[in-house]
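# Topology and contacts: notes
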Amino acid sequence: MLEPRFTLTREPTFLRLRWAPGITMYGRDVRSTISAVDAVSTMQKQPLLVHIGSMTRITPAARQLLIDDTCSTRTAVLGIDPIAMVITAFAYTSATPTQYFTSEDEAVAWLQEAAH
């Protein structure tokens, strides 16, 4: 059985998207996550915490979809090392406020400060 490429869960004040370790993210993956986020955000858009873990690569098509995406009110990207930060550096030019973190507590605090 194939492992899922990502999981999406609802937290009390934000959504949590967790990518499977070691994947290359393709455009079809981003379209799938956008559809999943839209499906659970029926009433209004919510902040999104994205765990990228040990992702290997993001293709140019996936990168552009992420830059253009507006399915969340803001996005905190949680990585584990400087390599992950380089992989996601493009996110700072995205259509919604986006920031990279290596601390989950700081990422969640940043997501929640917009709600107040």
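The structure we're discussing is the one just above.
Residues numbered from 1 in each chain as written. Predicted model: local features only at pLDDT ≥ 70, side-chain atom pairs only at ≥ 80, totals over all residues. Heavy atoms only, no water.

What follows deals with the overall build of the protein chain. Secondary structure summary: the protein chain contains four helices and seven strands in total. Moving toward the C terminus, one meets the helices and strands of the protein chain in the order β-β-β-α-β-β-α-β-α-β-α. Against the compact-globule benchmark of 13 Å for 116 residues, the protein chain has a radius of gyration of 13 Å, which places it among compact chains. Once the C-alpha set of the protein chain is aligned to its principal axes, its extents read approximately 35 × 30 × 25 Å. Burial statistics for the protein chain: of 116 residues in total, 44% are counted as buried. (Helix = DSSP H or I, 4+ residues; strand = E, 2+ residues; numbered from the N terminus. Rg over C-alpha atoms; globule rule 2.2 N^0.38 Å. Buried < 20%, exposed > 50% of the residue type's maximum accessible area, 1.4 Å probe, protein only.)

Spatially, β1-β2-β4-β6-β7 is the arrangement adopted by the five strands of the open sheet, whose pairing is mixed. Two strands bound the open sheet, and with one partner strand each, they are β1 (6-10) and β7 (98-101). On average, each strand axis in the sheet is inclined to that of its neighbour by 20 degrees, with strand direction left out of account. Sheet strands touched by helix α1 (residues 27-40): β1, β2 (15-19) and β4 (46-53). Its angle to β1, the strand with the most contacts, is close to 15 degrees. Helix-sheet contacts for helix α4 (residues 104-113) involve β2, β4, β6 (72-79) and β7, and the interaxial angle to β6 is about 170 degrees. (Pairing = 2+ DSSP bridges. Axes fitted to C-alpha atoms, helices over the stretch in contact; angles between N-to-C directions. Contact = heavy atoms within 4.5 Å.)

Sheet topology note: the β1/β2 ladder contains five bridges and is antiparallel. Bridge pairing in β2 links T9 to R16. Hairpin connection from β1 to β2: four residues lie between these consecutive antiparallel strands.

All right, on to the pattern of salt bridges then. As a working rule, side chains carrying opposite charge can pair if their charged atoms are close by. Tallying each qualifying case throughout the model produces four salt bridges. When the shortest N-O distance is used, the salt bridge between D29 and R5 registers 2.7 Å. Residue D29 is located in helix α1, and its partner R5 is located in the segment before β1; the two are separated by 24 residues in the primary sequence. Overall, the relative accessible area of 5% leaves D29 in the buried class. For E11, the salt bridge identified is with R16, shortest N-O distance 3.1 Å. For E11, a relative accessible area of 24% translates into the label partly exposed. Under the relative-accessibility criterion, R16 is labelled buried at 12%. By sharing partners, the salt bridges in this structure join E11, R16 and E104 into a single network. (Salt bridge = Lys/Arg side-chain N within 4 Å of Asp/Glu carboxyl O.)

The subject of this paragraph is the nonpolar core. Core analysis: the biggest nonpolar cluster contains 20 residues, and W19, M25, I52 and M55 have the highest contact counts within it. Elements that contribute at least two residues to this core include exactly β2, α1, β4 and α3 (82-87). Residues F14, A76, F101 and A107 belong to the second largest nonpolar core, which totals nine residues. (Core = buried A, V, L, I, M, F, W, Y, C linked by side-chain atoms within 4.5 Å.)

Axis separation between α1 and helix α2 (residues 60-68) bottoms out at 7 Å; the angle between their running directions is 30 degrees. Comparing their axes, α2 and α1 come out roughly parallel. Between α1 and α2, the residues in contact are G27, V30 and R31 and A61, A62, L65 and L66, respectively. Split into classes, the residues belonging to the contact of α1 with α2 amount to five nonpolar, one polar and one charged. (Parallel < 35°, antiparallel > 145°, perpendicular 65-115°, else oblique. Nonpolar A, V, L, I, M, F, W, Y, C, P; charged D, E, K, R; others polar.)

Limitation: the analysis is restricted to geometry and does not speak to function.
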